[in-house]
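# Results of the structural survey
Each chain, letter by letter, is given below.
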Amino acid sequence: MKSGSNNFFKYIFVVVIIALICGAVYILYNNKQDIELDDEEQNTVENKDISLAQNIKIGLTNYDTMNPILTRNRDIANIDKLIFEPLVNITSDYKVEGCLAKSCNKTSDTSYEIKIDSSVKWQDGRSLISRDVQYTIEKIKETNSIYLQNVQDIASIELPDSETVIINLSKPVIFFEYNLTFPIISSSYYANEDFQNSSKIPMGTGMYKIASIDNDNILIIRNDRWSKIKTNSPKTQSITLIKYGAIGEAFNSFKLGNVDIVNTYKTNYTDYVGTIGYNKREFVGRDYDFLSFNCNDSILSDVHVRRAINYAINKDAIVSSVLGNTKVVSNSPLDYGSYLYNEEGKITFNQDLARKELEDGGWYNTNGRWQKNIGGYVRRLNVSVIVNKNNPERVNVANNIKGQLADIGITINVVQVDDEKYWAYLNNKNYQIILTRSN
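What comes next is a walk through the structure. Remember, it's a predicted structure, so these values are computed and weren't measured experimentally. (Residues numbered from 1 in each chain as written. Predicted model: local features only at pLDDT ≥ 70, side-chain atom pairs only at ≥ 80, totals over all residues. Heavy atoms only, no water.)

Here we come to the packing of aromatic side chains. This model, assessed by the stated rule, comprises seven aromatic pairs. Measuring from centroid to centroid gives 5.0 Å for Y190 and F195, while their planes differ by 75°, and the two rings are edge-to-face. Exposure class is identical for Y190 and F195. Each is buried. Aromatic rings pair up to connect Y135, Y189, Y190 and F195 into one cluster. (Phe/Tyr/Trp six-rings, centres within 6.5 Å; stacked < 30°, edge-to-face > 60°. Buried < 20%, exposed > 50% of the residue type's maximum accessible area, 1.4 Å probe, protein only.)

Structure, rendered in structure tokens:
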């Protein structure tokens, strides 16, 4: 469980997607099926050796559109990373690297100058221009796109020339560069078009391009105009996305050998594909569940209390006894290889250190319960954890934490609320502790 979050972490799933869709095809040999699991509860089942396949068939459910600005389907948004490119990418260790942007310079607290790579070609042969960046941001705002949060603080855009974009913010935004991971679309391609209702096949600058879309299938083929094709040529010639009405249909097709890959967020995938005939390996993602502390609370403002709670929670026990070993323990949002992550100061389960933290903070134990004089009043170490009652898994996690903390004398009240109240608590920061997720 973690006690903090930063908005930019939700944008870095790009790295995971490229690894999953482009790199996943190297896994299988000898016609064995393979399953990858990640901590986002997304499972990938693969049917055959597709490391050097001419075509990969992927099952897709809840199709809406391949337009990266308009889609609401997370799987499509992930696949679109192969077709469209952002201004910047986030590396596996959380560094910013240029993609369509050659440089991104912060010229003031609220202004950034971006130089785009005009040598990049759209899939129709036209050159990338600065107007394309401005147009994309306008459409994200107009359509309430899934990328709206990335651009919501952009107040205005200036285009000094065809290779320069100046972004002016309404307020300073920490790590704003990390927001520039949204896909760029062509302004000229949609000229004189009703963008939201256009029937044109979306076009990008990425390693693959959409060849055709019909009622049943979407064919994606290698883009020979991709700017990086000489140094990073795609190993798979084409990808066919096969549309299904429900995940059960996709799994049935997988079992019949008609589909090579199916992505699902179900942890009970074995109910659909069984347990025999495939190898299993884990693919660790970036999303995580964590405990968010309200540091304005009179008790939780005490860093010793927060550290004691962290020491007192056995995360491995939660993963094994509550989550059925379908998750992995994370001690930081950055602990999967970030250049910012430091193993020093890492907190692991230790009840003795939890008690010492409380004692160092001036708390004393009476009859098995901790208390302290705060503002002239004796306060007991008794706090509430908000949890969504419609998420049974998190309810079980919260109750497990309650039992663990009771072992060292910390009283936790688990408050189960419905969706509406849960989001009201979260958005208004009206809680002591809330069990939530990074995305």
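Glancing now at the sheet that holds strand β7 (residues 111-116). Across the sheet, which stays open at both edges, the four strands sit in the order β6-β7-β9-β8 with antiparallel pairing between neighbours. Bordering the open sheet on either side are β6 (101-108) and β8 (154-161), each of which pairs with just one other strand. The average undirected angle you get between the axes of adjacent strands in this sheet is 20°. Looking at chain direction, β8 and strand β9 (residues 164-169) are connected through five bridges and run antiparallel. Note that in β9 the partner of I154 across the bridge is L169. Across the sheet, helix α3 (residues 130-142) touches β7, β8 and β9, and the angle it forms with β8 is around 160°. (Pairing = 2+ DSSP bridges. Helix = DSSP H or I, 4+ residues; strand = E, 2+ residues; numbered from the N terminus. Axes fitted to C-alpha atoms, helices over the stretch in contact; angles between N-to-C directions. Contact = heavy atoms within 4.5 Å.)

Time to look at the environment of I157. Here I157 is to be found in strand β8. For I157, a relative accessible area of 17% gives the class buried. Separated by 45 residues in the primary sequence, I157 and Y112 have C-alpha atoms spaced 9.8 Å apart. Setting aside residues no more than four positions away along its own chain, I157 makes contact with Q134, I137, V165 and I166.

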